[in-house]
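Tertiary structure, described
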Amino acid sequence: MEVKAKGIEYPITVSEVLGIGRPHQLYLPDIAEDLVPLVDEVPLTYMVIESNQTGGELCTGVLTKLSRKGAEARLESPVDIFSNLEMYFAGKEGESLQGTLYGKVVGSAPGAGSGFSICFTSIPPEIEVFLGELLAQAAEAQPKSPVRKTPKRRRSPLRKNGRALPSGPAVS
């Protein structure tokens, strides 16, 4: 992909780098996280940030799914992909939570007309605690898959080098 970067007169090619091969063999870890459906939708107010300028129109929405690094939200008014959002939350008692959560819209949520995938770009400590509590509630509400114990294989007590020894009289 070619982009025109600030401070460079001509377009430059950018690539996604996931690692360095031989002789270093260093690769970035795959850190994909699953979004967890929330027990209750969490109301939020948001504003689209245009070219590092805040002060746009406040709109409302709700978080429907959450992970430590992102969320799915249903937003009141449509937003463009790659838009930056400034988000505010209300606490359990309806009071405004301290801190502002920033995120980037990275796509449309599958199967939802007004749903969007958001990647968090800046999470203040107060909001991180709030989101952590929501994730804990959602994890408790998730049905636990039953743990099946695999029956142990019976091993012959007479083994040598991983092979069963003959069980009859020794013949020489």
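First things first, this report covers the structure right here in the doc. Nothing here was measured: the structure is a model prediction, and the numbers come from that model. (Residues numbered from 1 in each chain as written. Predicted model: local features only at pLDDT ≥ 70, side-chain atom pairs only at ≥ 80, totals over all residues. Heavy atoms only, no water.)

Re unusual backbone geometry
Stated precisely, the cut-off is as follows: For the purposes of this entry, the term helix denotes a DSSP run of H or I that reaches at least four residues, the term strand denotes a run of E that reaches at least two, and both are numbered from the N terminus.
The step from R22 to P23 runs through a cis peptide bond, and the omega angle for that step is 0°. Position of P23 relative to the elements: it lies in the loop between strand 3 (19-20) and strand 4 (26-27). The residue Q25 is not glycine, and still its phi comes out positive at about 50°. Along the polypeptide, Q25 turns up in the loop between strand 3 and strand 4. One non-glycine residue, F82, adopts positive backbone phi at about 75°. Following the sequence through the fold, F82 ends up in the loop between strand 7 (70-75) and strand 8 (84-89).

Considering the sheet that holds strand 10 (residues 115-122)
Keep this limit in mind: We call two strands paired when DSSP finds no fewer than two bridges between them. With axes taken as lines fitted to C-alpha atoms, and helix axes fitted only over the stretch in contact, angles between N-to-C directions fall between 0 and 180 degrees. Only heavy atoms matter for contacts: two residues are in contact if any of them lie within 4.5 Å across the pair.
Taken in spatial order, the 6 strands of this closed barrel run 5-6-7-10-9-8, and their pairing is antiparallel. Averaged over all pairs of adjacent strands, the angle between strand axes in this sheet comes to 45°, irrespective of strand direction. The strands touched by helix 1 (residues 125-141) are strand 5 (36-49), strand 6 (59-66), strand 8, strand 9 (101-108) and strand 10; relative to strand 5, the strand with the most contacts, the crossing angle is about 150°.

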